[in-house]
Amino acid sequence: MGKWRVIVSSLLSRNISNTSRSHFLSHHHPKLLYPLSCNTTPIPKPASFLSNLRFFSALPSRVSAYDSDSVTTTGSIESSQDYYELVSRVVDDHHDTLKIPVKAFFLSTSINLKGMQADNLSNVIPPSSRSTNYVALRFSSYPSVNKAPSTKENVSSYRYMVVFHYGSAVLFNIEDHEVETYLDMVRMYSTGLLSEVRKDDYVIKEKPLLAEDMQGGPDYIVLKNLDTDSIRIIGSVLGQSIALDYFVSQVDGMVEEFAGINRAMEKTGTFTMDRTKLLQLVGKANSNMADVILKVGLFDRSEIAWRDAKYAQIYEYLREEYEVTQRFGNLDFKLKFVEHNIHFLQEVIQNRRSDLLEWCIIFLLTMENIISVYEIVRDSTGVSL
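For the structure given in this document, a descriptive report is provided here. Everything quoted here is computed from the prediction, not taken from an experiment.

**Some remarks on the overall build of the protein**
At step 1: A tally of regular secondary structure across the protein gives 10 helices and 7 strands.
At step 2: Residues classed as buried in the protein amount to 36% of the 385 residues present.
At step 3: As presented, the protein carries roughly 23800 Å² of accessible surface, and 56% of it is formed by carbon and sulfur atoms.

**A closer look at the side chain of R319**
At step 1: Within the secondary structure layout, R319 lies in helix 9 (residues 309–321).
At step 2: Of the side chains with opposite charge, E316 comes closest to the buried, unpaired R319, at an N-O distance of 5.1 Å.
At step 3: Separated by 3.1 Å, the side chain of R319 and the backbone oxygen of L298 make a polar contact.
At step 4: Excluding residues within four positions of it along the chain, R319 makes contact with V237, Q240, L298, F299, V324 and T325.

**Notes on the pattern of salt bridges**
At step 1: Per the stated rule, a full pass over the model turns up 15 salt bridges.
At step 2: A salt bridge links R187 to D184, with the shortest nitrogen-to-oxygen separation between them at 2.8 Å. Of the two residues, R187 and D184 both sit in helix 5 (residues 179–187), 3 residues apart, roughly one turn of that helix.
At step 3: Residue classification places D184 among the partly exposed positions, given a relative accessible area of 40%.
At step 4: One connected set of salt bridges, linked through shared partners, spans R130, E303 and R307.

**Digging into a negative patch on the surface**
At step 1: On the surface, a cluster of negative charge is contributed by D219, E320, E321 and E323.
At step 2: Within the secondary structure, E320 is located in helix 9.

**What about unusual backbone geometry?**
At step 1: With a phi angle near 60 degrees, N173 is a residue other than glycine that sits in the positive phi range.
At step 2: Secondary-structure assignment places N173 in the loop between strand 4 (168–172) and helix 5.
At step 3: Residue N173 is classed as buried on the basis of its relative accessible area of 15%.
At step 4: In this structure, D219 is a non-glycine residue whose phi angle is positive, near 65 degrees.

**Some points on the nonpolar core**
At step 1: By size, the foremost hydrophobic cluster in this structure holds 64 residues, and its most contacted members are F172, I204, I234 and I314.
At step 2: If one sorts the elements of this core by residue count, helix 6 (residues 228–268) sits on top with 16 residues.
At step 3: Contact partners of I234, with chain neighbours within four places excluded, come to F172, I204, I221, L223, I314 and L318.

**Topic: the packing of aromatic side chains**
At step 1: Within this structure, the stated rule accounts for 8 aromatic pairs.
At step 2: Ring geometry for F164 and Y166: centres 5.5 Å apart, planes at 20 degrees, overall stacked.
At step 3: Under the relative-accessibility criterion, F164 is labelled buried at 2%.
At step 4: An angle of 80 degrees between the planes, with centres 4.8 Å apart, marks the rings of F299 and F328 as edge-to-face.

**Some remarks on the pairing of strand 1 (residues 98–111)**
At step 1: As judged from the 12 bridges shared by strand 1 and strand 5 (residues 190–206), these two strands associate in the antiparallel manner. Each bridged residue has a counterpart across the sheet, and for V102 the counterpart in strand 5 is Y202.
At step 2: Both strand 1 and strand 4 contribute to a ladder of 5 bridges, which runs antiparallel. Its bridge partner being in strand 4, K103 is matched across the sheet by L171.

**What to know about the packing of helix 6 against helix 7 (residues 275–295)**
At step 1: Where helix 6 meets helix 7, the closest approach of the two axes is 10 Å, and the angle between their N-to-C directions is 155 degrees. Judged on the interaxial angle alone, helix 7 and helix 6 are roughly antiparallel. For the pair helix 6 and helix 7, the sense of crossing is left-handed. From helix 6, L244, F247, Q250, V251, M254, E257 and F258 reach across to helix 7, where they touch K277, L278, L281, K284, A285, N288, D291 and V292.
At step 2: The residue inventory of the contact of helix 6 with helix 7, partitioned by class, reads 9 nonpolar, 2 polar and 4 charged.

**Remarks on the side chain of S236**
At step 1: Residue position: S236 is located in helix 6.
At step 2: Ignoring anything within four residues of it in the chain, the contact list for S236 reads F164, Y166 and Y315.

**Concerning the environment of L137**
At step 1: Note that L137 resides in strand 2 (residues 134–140).
At step 2: Discounting chain neighbours no more than four positions away, the residues touching L137 are M116, N120, N123, V124, I125, R159, Y160 and M161.

**Digging into the sheet that holds strand 7 (residues 220–223)**
At step 1: Within the open sheet, the 7 strands sit side by side as 2-3-4-1-5-7-6. Their pairing is mixed. In the strand order of this sheet, the two ends are held by strand 2 and strand 6 (214–217), each with one partner. Taken pair by pair, the neighbouring strands of this sheet meet at an average axis angle of 20 degrees, ignoring direction.

**Some points on helix 6**
At step 1: For helix 6, with 41 residues, the first-to-last C-alpha span of 60 Å sits near the 60 Å given by 1.5 Å per residue.
At step 2: One or two steps after helix 6, the chain reaches G269, where phi turns positive at roughly 80 degrees.

What counts, and at which threshold
Residues numbered from 1 in each chain as written. Predicted model: local features only at pLDDT ≥ 70, side-chain atom pairs only at ≥ 80, totals over all residues. Heavy atoms only, no water. Helix = DSSP H or I, 4+ residues; strand = E, 2+ residues; numbered from the N terminus. Buried < 20%, exposed > 50% of the residue type's maximum accessible area, 1.4 Å probe, protein only. Areas by Shrake-Rupley, 256 points an atom, 1.4 Å probe, with all protein chains shown as cover. Lys, Arg positive; Asp, Glu negative; His and termini not counted. Salt bridge = Lys/Arg side-chain N within 4 Å of Asp/Glu carboxyl O. Polar contact = N/O pair within 3.5 Å; in protein donor to acceptor, adjacent residues only side chain to side chain. Contact = heavy atoms within 4.5 Å. Patch = residues over 30% accessible without salt bridge, like charges linked within 9 Å, V, L, I, M, F, W, Y side chains within 5 Å. Charge placed at Lys NZ, Arg CZ, Asp CG, Glu CD. Core = buried A, V, L, I, M, F, W, Y, C linked by side-chain atoms within 4.5 Å. Phe/Tyr/Trp six-rings, centres within 6.5 Å; stacked < 30°, edge-to-face > 60°. Pairing = 2+ DSSP bridges. Axes fitted to C-alpha atoms, helices over the stretch in contact; angles between N-to-C directions. Parallel < 35°, antiparallel > 145°, perpendicular 65-115°, else oblique. Left-handed = near helix turned anticlockwise from the far one by under 90°. Nonpolar A, V, L, I, M, F, W, Y, C, P; charged D, E, K, R; others polar. Expected span 1.5 Å × (residues − 1).

What is shown is where atoms sit, not what they do.
Set out below in structure tokens:
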């Protein structure tokens, strides 16, 4: 009798375990609960020496939820044991992945990093490179906790902000309703504030069980371990990308302005732009190109990525993901179009000035001839008298 009780209790506990796992999958991964495919290879039932026995008991008999008559699966899953192993991996992945939101902003043309660093010394993360174009700040998620910055702390329990001197600010692990508080802090040290702040969203997923150091995805990146150097690398690429968006919009405005001038010239055969306005456009085009190359440092190699191949992989992946080089190529092409139009209009204005000078010379020569004729006539009249 005791032997039968042990068998019945074992079957009951296995049934309860399968039921709880099926309940979890029905809410999180319903496709795995009933996998379907064109390959109708049935899942074999687990072998058991009790499969042909029939118990006369008040307990309900166990019926396999994976009967060959009702469930089909792909040929890659050879048995129910493989299926349960796959389910276990999915469940583990679901619980071990941590998502960290990232928000990049471009809000001004210059930020005083020295002033910001001096006023927030307790939050400044010690630099790990000689680069001086940014400052990284760390804030505790709990105001009552006051800890010295340390790279060994759990990154997900803090909030981070990486600020660049050319006007970008990248926020890590900061909720939407808290964003303005941190941006107001940046505005206190900013000059040339923009009327429209540019924004870009990204997501970091931390997965300690990841086999590789990183793995990419659409609008997110999966890292095996997120540390402060990873935050610096990701912040630098996102900051450059959002700044590049601003400069591209500025050049697009100049392209549109010259397109309007060309359309007017096509209709009227002339244009009304004065030399001062043209020189302003020349200065704007040159300053945009200089800012992209010098201030943003679009082609400056990261010292952190140079030291460690892990960070170099993240750096190169993000630059490829955001198409930084291709977008700069498009910006350069548009600036060349602007430069071509500027040279053409400068020649037209110069020709206008030349024509004016020629008419002035003609007028002066005409006046000189008139005066000479007058003097000749006057002298001849005096001799006759």
